[in-house]
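This is what each chain is made of:
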Amino acid sequence: MARFRQYQQKLEHTYSGSGSSTASSLEPPGVLAKLAQQAGVKFNGDAPWDIQVHSDEVYQRILTQGSLGFGESYMDGLWDCLYLDQLFHRLLSINIEEKLAGWGRFHLMVQIMRHRLFNLQSSKRAFQVGEQHYDIGNDVFEAMLDPTMSYSCGYWHQAEDLQQAQINKLDMICRKLQLKPGEKLLEIGCGWGGLAHYAAKHYGVEVLGITISKQQQKLAQERCAGLQVEIALVDYRDLDGEYDKIVSVGMFEHVGEKNYPVYFDTVNRLMKSDGLFLLHTIGIYKTIHRVDPWIDKYIFPNGDLPSAEQISAVLNQRLIIEDWHNFGHDYYLTLMAWWKNFEASWPTISAQYDERFYRMWKYYLHSCAGFFKARQGQLWQIVLSKRNRADIYRSVR
């Protein structure tokens with residue numbers, strides 16, 4: 001606890017004399033104190049997962065804006081926590097967002113209606129997440145990710161570090177797809193070309209990778225130079241051709257429920273009759289017709305996490321489920337490894353970004369880590385085929 005005491009003293013020194021609030025005014029409203037207590041959390045407590053409040057404005061923001069107010073007040077430096085991942089693990093384990101819904105019901109209803117009434121992932125809006133998130137600067141992602149530049153969950157079975165976990169994931173995908181030399185592989189959402197590079201180099205396939213990020217396209221083309229890899233800036237709905245195998249890693253979260261039918265119809269149209277499709281996606285433990293408003297505003301605009309119910313329903317009469325693999329806990333390990341890399345690299349890249357960006361990115365990685373540790377979030381790899389595929393499928397791990 002000595003480290004935590006030093007941390008508290010540093011915070012007290014940093015915020016002393018600011019005049020924002022007196023010690024007595026920092027006491028939380030009873031309802032918030034009781035909710036936090038259910039999760040084993042205190043405001044201004046001694047545990048490393050407790051919330052250290054620097055302004056009583058935090059409480060008003062939480063009660064009126066819920067998750068958005070909580071996140072923005074952290075970005076503004078109005079509260080701190082030593083172990084953010086543990087804080088979110090505890091809060092999400094008791095479904096804190098549902099317990100707060102009574103105070104933020106208007107904002108909650110706005111989110112639900114927004115997602116039900118509008119197609120937030122239409123073709124016209126498809127490139128928005130690329131421009132806002134993936135194009136912020138390759139330097140951030142190069143600092144945070146492993147050398148394969150994989151921005152999705154690693155597979156930590158028999159892995160001791162992030163790079164090995166990501167290589168394990170890439171190779172497992174290739175084996176699940178039963179890739180053979182000379183086959184044509186379509187990757188829907190290719191990121192910075194990590195999987196395209198690996199599949200072309202180690203399995204001898206020809207790859208078309210598509211992305212909606214100009215920054216991703218540029219770096220992926222550089223990384224895959226000399227291989228049978230094409231990286232195109234295009235929306236999946238505009239594709240033509242025929243492919244032996246199709247894969248999509250960490251992109252389905254941007255598709256949106258209204259577009260699930262056209263997404264899988266596109267896969268069906270592009271995949272050969274004896275082909276295989278592997279979908280690697282974050283999933284959520286129950287159907288929720290909304291997204292976290294803070295994540296939607298600052299990280300992944302128009303994102304939409306699927307439930308098993310939603311995926312199963314749209315696959316009905318479209319594709320056969322050959323295998324459904326869940327390794328959600330590995331995302332907690334992946335996110336914390338990304339944070340370790342980002343924090344170590346911050347002195348190098350900080351000249352390009354301000355302190356608010358640093359706090360935003362810290363909040364993003366740690367809140368998502370808590371989301372997976374609380375098992376609200378899952379990580380699924382689903383292998384799909386057409387009904388007329390003759391070969392028997394045997395999955396691998």
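Residues numbered from 1 in each chain as written. Predicted model: local features only at pLDDT ≥ 70, side-chain atom pairs only at ≥ 80, totals over all residues. Heavy atoms only, no water.

1. What to know about the packing of helix H16 (residues 329-349) against helix H17 (residues 355-373)
If you want to describe how two helices pack, look at the angle between their axes and the distance between the axes. Using the following cut-off: Throughout, an axis means a line fitted to C-alpha atoms (over the contacting stretch in the case of helices), and angles, computed between N-to-C directions, take values from 0 to 180 degrees. Helix and strand definitions follow DSSP, with helices as H or I runs of at least four residues and strands as E runs of at least two, each counted in order from the N terminus. Roughly parallel here means an angle under 35 degrees, roughly antiparallel means over 145, roughly perpendicular means 65 to 115, and every remaining angle is called oblique. Throughout, a crossing is termed right-handed when the near helix is turned clockwise from the far one, and left-handed when it is turned anticlockwise from it by less than a right angle. The criterion used for residue contact is that any of the two residues' heavy atoms lie within 4.5 Å. For this classification, Asp, Glu, Lys and Arg are treated as charged, while Ala, Val, Leu, Ile, Met, Phe, Trp, Tyr, Cys and Pro are nonpolar and the rest, including Gly, are polar.
Here H16 crosses H17 at 160°, and the two axes come no closer than 8 Å. As the angle between them shows, H16 and H17 are arranged roughly antiparallel. The crossing of H16 and H17 is left-handed. Side by side, H16 and H17 meet where Tyr 331, Tyr 332, Leu 335, Met 336, Trp 338, Trp 339, Phe 342, Glu 343 and Trp 346 of the first sit next to Phe 357, Tyr 358, Trp 361, Lys 362, Leu 365, His 366, Cys 368, Ala 369, Phe 372 and Lys 373 of the second. Looking at side-chain class alone, the contact of H16 with H17 contains 15 nonpolar, 1 polar and 3 charged residues.

2. Notes on the sheet that holds strand E4 (residues 206-211)
Our working rule: Criterion used throughout: strands pair if DSSP finds at least two bridges between them.
The strand order across the open sheet built from 7 strands is E5-E4-E3-E6-E7-E9-E8, with neighbouring strands paired in mixed fashion. One side of each edge strand has no neighbouring strand; the edge strands of this open sheet are strand E5 (229-233) and strand E8 (320-326). Neighbour-to-neighbour, the strand axes of this sheet turn through a mean angle of 15°, independent of strand direction. Pairing between strand E3 (residues 184-188) and strand E6 (residues 243-249): 3 bridges, direction parallel. Residue Glu 187 lies in a different strand from E6, and its bridge partner there is Val 247. Running over the sheet, helix H13 (residues 260-270) touches E3, E6, strand E7 (271-284) and strand E9 (377-385) and is turned about 150° from E7.

3. Some details on the confidence of the model for the protein
When pLDDT is low, close inspection of the predicted coordinates is not appropriate. Heads up, the rule is: Each residue carries a pLDDT score, the predictor's own confidence in it, on a scale running from 0 to 100.
Residues of the protein with pLDDT of at least 70 account for 85%, and the chain-wide mean is 89. The model gives residues 1-20 a pLDDT under 50, and that stretch makes 24 contacts with residues more than four places away or in other chains. A low-confidence stretch, residues 104-115 stays under pLDDT 50, and its non-local contacts, those more than four residues away or across chains, total 22 contacts.

4. Description of the nonpolar core
So the rule is basically this: Nonpolar core, defined: a set of buried Ala, Val, Leu, Ile, Met, Phe, Trp, Tyr and Cys residues in which side-chain atoms within 4.5 Å join the residues together. Accessible area is worked out with a 1.4 Å probe on protein chains only. A residue is then buried under 20% of its type maximum, exposed over 50%, and partly exposed in between.
Within the largest apolar cluster, 78 residues are counted, with the highest numbers of intra-cluster contacts made by Trp 79, Tyr 151, Trp 294, Phe 342, Trp 361 and Tyr 364. Here the element with the most residues in this core is H17; it accounts for 11 residues. In contact with Trp 294, not counting residues within four places along its chain, are Ser 67, Leu 68, Gly 71, Glu 72, Met 75, Ile 299, Met 360, Tyr 363 and Tyr 364. Listed in part, the 28 residues of the second largest apolar core include Leu 208, Met 251, Met 271 and Ile 382.

5. A look at the packing of aromatic side chains
Selection rule: Here a pair means two rings of Phe, Tyr or Trp (six-membered ring of Trp) with centres within 6.5 Å. Their orientation is stacked below 30 degrees between planes, edge-to-face above 60, and tilted elsewhere.
Tallied over the entire structure, the rule returns 37 aromatic pairs. On the basis of an interplanar angle of 55° and a centroid distance of 6.4 Å, the ring pair of Tyr 263 and Phe 277 is categorised as tilted. Taken as a pair, Tyr 263 in helix H13 and Phe 277 in strand E7 lie far apart in primary sequence, 14 residues in all. Per residue, the accessibility class of Tyr 263 equals that of Phe 277, and both read buried.

6. Here's the deal with the side chain of Thr 266
Condition: We call two N or O atoms a polar contact when they sit within 3.5 Å, provided that within protein one can donate a hydrogen and the other can accept it, with sequence-adjacent residues counted only if both atoms are side-chain atoms.
Positionally, Thr 266 belongs in helix H13. Residue class for Thr 266 comes out buried when judged on its relative accessible area of 3%. Side-chain polar atoms of Thr 266 contact the backbone oxygen of Val 262, separated by 2.6 Å.

7. Quick look at the pattern of salt bridges
Defined as follows: Salt bridges are defined by distance alone: a side-chain nitrogen of Lys or Arg within 4 Å of a carboxyl oxygen of Asp or Glu.
Scanning the model with the defined rule gives 13 salt bridges in all. Residues Lys 245 and Glu 183 are paired through a salt bridge, measuring 3.1 Å at the closest nitrogen-oxygen approach. Of this pair, Lys 245 sits in strand E6 while Glu 183 sits in the loop between helix H10 (162-176) and E3, placing them 62 residues apart in sequence. Considered together, Lys 245 and Glu 183 belong to a single accessibility category, that of buried residues. A network of salt bridges, in which partner residues are shared, links Glu 57, Arg 61, Asp 76 and Arg 356.

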